[in-house]
Amino acid sequence: MFAHRLSPRLAKSVSHARSTLAVRASCSRTYATTTNADHVNIVEVGPRDGLQNEKSVIPPEVKIELINRLNRAGLKTIEAGSFVSPKWVPQMAGTADVISRMERLPGNYYPVLVPNLKGLELLLDLLAKHPPSAGGPPPPTNEIAVFTAATEAFCKANTNCSIVESLERIHAVTRKALDHGLRVRGYVSVVISCPYEGKVSPQKVKEVTRALLDIGCYEVSLGDTVGTGTPATVREMLETVMGGAGTVPANKLAGHYHDTFGTAVANIMTSLDMGLRTFDASVGGLGGCPYSPGATGNVATEDVLYALKGSKYTTDGDLDALVDVGDWISKKLQRTNASRAGKAILARREREHLEKERENDGGAAEVISAKL
Ligand SMILES: CC(C)(COP(=O)([O-])OP(=O)([O-])OC[C@H]1O[C@@H](n2cnc3c(N)ncnc32)[C@H](O)[C@@H]1OP(=O)([O-])[O-])[C@@H](O)C(=O)NCCC(=O)NCCSC(=O)C[C@@](C)(O)CC(=O)[O-]
């Protein structure tokens with residue numbers, strides 16, 4: 001357990017949280033998770049993780065259109081933005097506007113990142129302006145995501161505090177969010193390697209994950225922020241997190257794998273073998289991390305869906321529709337589409353289109369020569 005290493009005050013409050021929040025914390029996905037053991041839940045993080053690192057200011061209309069298109073492509077959970085300090089991540093400054101105006105489908109989840117009580121208070125003020133009404137649209141969000149890291153250096157770079165301090169903040173935020181009926185998801189960054197500290201101890205990942213669950217997160221997403229993970233290192237990390245004393249069950253974990261070295265899909269396959277059924281992904285492979293120089297975006301949503309085609313697994317989302325969304329947002333941001341499956345499917349469509357045109361031209365030429 002992580003709790004015994006925490007300050008006595010936090011250890012006490014974590015243990016209190018565990019008993020008082022147990023019932024609420026056990027609330028599982030009611031929509032995205034089905035009872036089908038072979039259903040894979042996709043948490044689309046493109047509008048947040050994907051866009052937060054873009055240098056040029058992205059107009060709210062583009063962010064809203066992206067989320068609306070992802071909704072229409074059949075995704076059930078779409079991370080819509082962050083209530084973080086605009087001084088730290090300027091790109092996410094307009095999240096309140098975005099989530100107020102985006103299309104919100106009943107039963108879907110639209111998590112937003114919240115680092116501290118200030119962020120939560122801003123979010124609660126917004127929610128107070130959109131009281132639920134019978135027959136009206138769902139509120140701007142129904143879930144927050146809290147985040148910490150498995151190394152001190154990354155935690156400091158990302159949130160300007162130590163891991164224990166971040167857990168204290170998260171504890172306060174989670175208690176208040178649950179009191180307001182919001183679900184709380186947790187993230188642990190740098191679960192394989194850290195840009196500042198190198199190889200990360202799987203035991204440390206387990207301790208932080210356990211602490212987030214004890215505080216009241218319904219699920220913890222394990223971030224290979226740098227994207228150096230391989231099936232072997234991901235397996236080693238998951239075996240530690242899911243084994244021994246204080247074991248964390250697979251249904252409380254999600255994989256959040258960046259694709260810097262092209263191993264993210266392989267890492268997902270390994271995690272599926274080990275029982276995980278929820279993965280974060282980013283349409284068009286959008287993204288990077290402001291505090292992990294050189295890391296590329298998350299695994300592309302299209303690549304995950306393509307890899308699972310024809311397998312025993314079912315997923316949310318329509319592959320062809322997501323290929324269109326990936327193409328659209330890549331063009332809008334004037335960036336290369338980082339989805340291999342997306343690019344291949346677009347190229348195949350182009351070939352088929354050209355062949356059809358040639359057939360039509362050939363047919364027309366035959367008609368003309370027959371008339372002559
Ligand atoms: C945690 C802090 C705020 C500490 O930052 P700090 O500078 O220590 O905070 P502070 O309390 O001293 O406040 C500084 C200023 O920010 C304001 N402020 C303070 N909080 C907020 C807030 N919530 N919303 C709006 N404004 C805020 C605050 O009011 C003040 O404004 P001033 O008085 O100077 O005008 C900062 O470090 C921060 O915002 N960090 C977030 C960084 C971030 O968003 N990183 C990316 C997301 S995590 C990620 O991508 C990894 C993940 C999840 O995808 C998984 C993976 O791949 O690893």
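Calculation notes
Residues numbered from 1 in each chain as written. Predicted model: local features only at pLDDT ≥ 70, side-chain atom pairs only at ≥ 80, totals over all residues. Heavy atoms only, no water. UniProt positions renumbered as here; feature names shortened; annotations may be inferred. Phe/Tyr/Trp six-rings, centres within 6.5 Å; stacked < 30°, edge-to-face > 60°. Helix = DSSP H or I, 4+ residues; strand = E, 2+ residues; numbered from the N terminus. Buried < 20%, exposed > 50% of the residue type's maximum accessible area, 1.4 Å probe, protein only. Lys NZ or Arg CZ within 6 Å of the ring centre and 35° of its normal. Core = buried A, V, L, I, M, F, W, Y, C linked by side-chain atoms within 4.5 Å. Contact = heavy atoms within 4.5 Å. Arc of directions from axis to C-beta. Salt bridge = Lys/Arg side-chain N within 4 Å of Asp/Glu carboxyl O. Near = heavy atom within 4 Å. Polar contact = N/O pair within 3.5 Å; in protein donor to acceptor, adjacent residues only side chain to side chain. Areas by Shrake-Rupley, 256 points an atom, 1.4 Å probe, with all protein chains shown as cover. 1 Å grid on protein atoms, 1.4 Å probe; cavity = no way out; pocket = protein on both sides within 12 Å on 5 of 7 lines; lining within 4 Å. Sits in = over half its atoms within 2 Å of the grid points.

Under the annotation held in an unreviewed UniProt entry, the chain carries the name hydroxymethylglutaryl-CoA lyase and is attributed to Phanerochaete carnosa. Recorded under Catalytic activity (unreviewed entry), the UniProt text for the chain is reproduced unchanged: "(3S)-3-hydroxy-3-methylglutaryl-CoA = acetoacetate + acetyl-CoA".

Engineer: Which residues make up the packing of aromatic side chains, and what values do they have?
Structural biologist: For any pair of aromatic rings, geometry is given as the distance between the ring centres together with the angle between the planes. Inspection of every chain in the model, using the stated rule, returns one aromatic pair. Consider the rings of F154 and Y196, whose centres lie 6.3 Å apart with planes at 40 degrees: the pair is tilted. Here F154, found in helix α6 (residues 152-159), pairs with Y196, found in the loop between β7 (193-194) and β8 (198-199); they are 42 residues apart in sequence, far enough to count as distant. On the basis of relative accessibility, which here comes to 0%, the residue F154 falls in the buried class. What makes Y196 partly exposed here is its relative accessible area of 43%. Sitting above the plane of the Y187 ring, R185 keeps its charged end 5.5 Å from the centroid.

Engineer: An account of the nonpolar core is requested, with residue identities and associated values reported.
Structural biologist: Grouped together as the largest cluster of nonpolar side chains are 89 residues, with contacts concentrated most on L66, L120, L123, I144 and L238. Among all residues touching I144, those that are not within four sequence positions of it are V112, V114, L120, L123, V173, A177, L182, R183, V184 and R185. Judged by nonpolar contacts, the second largest core, of six residues, contains V45, L113, F147 and Y187.

Engineer: Describe α6, with residues and values.
Structural biologist: Looking only at α6, the buried set comprises F154, C155, A157, N158 and T159. An end-on view of α6 places all buried positions within 165 degrees of arc, on one side of the element. Each element contacted by the buried residues of α6 is listed here: β5 (143-149), α7 (163-179), β6 (183-189) and β7.

Engineer: Can you lay out the pattern of salt bridges for me, pointing to particular residues and giving the numbers?
Structural biologist: What the rule picks out here adds up to 18 salt bridges. We note a salt bridge from R183 to E143, for which the minimum N-O separation is 2.7 Å. One end of the pair, R183, is in strand β6; the other, E143, is in strand β5, and 40 residues separate them in sequence. Like R183, the residue E143 is buried in the burial classification. Note that R185 and D280 form a salt bridge whose closest N and O atoms lie 2.8 Å from each other. Pair noted here: R185 is in strand β6 and D280 is in strand β11 (residues 278-281), with a separation of 95 residues, a long-range link. Each member of the pair, R185 as well as D280, carries the same accessibility label: buried. Among the charged side chains, a salt-bridge network with shared partners connects R48, D49 and E79.

Engineer: Could you give an account of the site of the ligand, naming the residues involved and the relevant values?
Structural biologist: Around the ligand sit 27 residues in total, of which K87, N158, N160, S189 and T225 are the nearest. In this structure, S85 approaches the ligand through a main-chain N or O atom, which is 2.9 Å from an oxygen atom. Between K118 and the ligand, the recorded distance is 3.2 Å, taken from a side-chain N or O atom to an oxygen atom. About the coverage of the ligand: the protein hides 77% of its 1,100 Å² of free accessible area. Assessed atom by atom at 2 Å from the grid points, the ligand resides in the largest pocket. Looking at the shell around the ligand, the elements with two or more residues in it are α2 (46-50), α5 (117-128), α6 and β6. The leading source of residues in the shell around the ligand is α5, at three residues.

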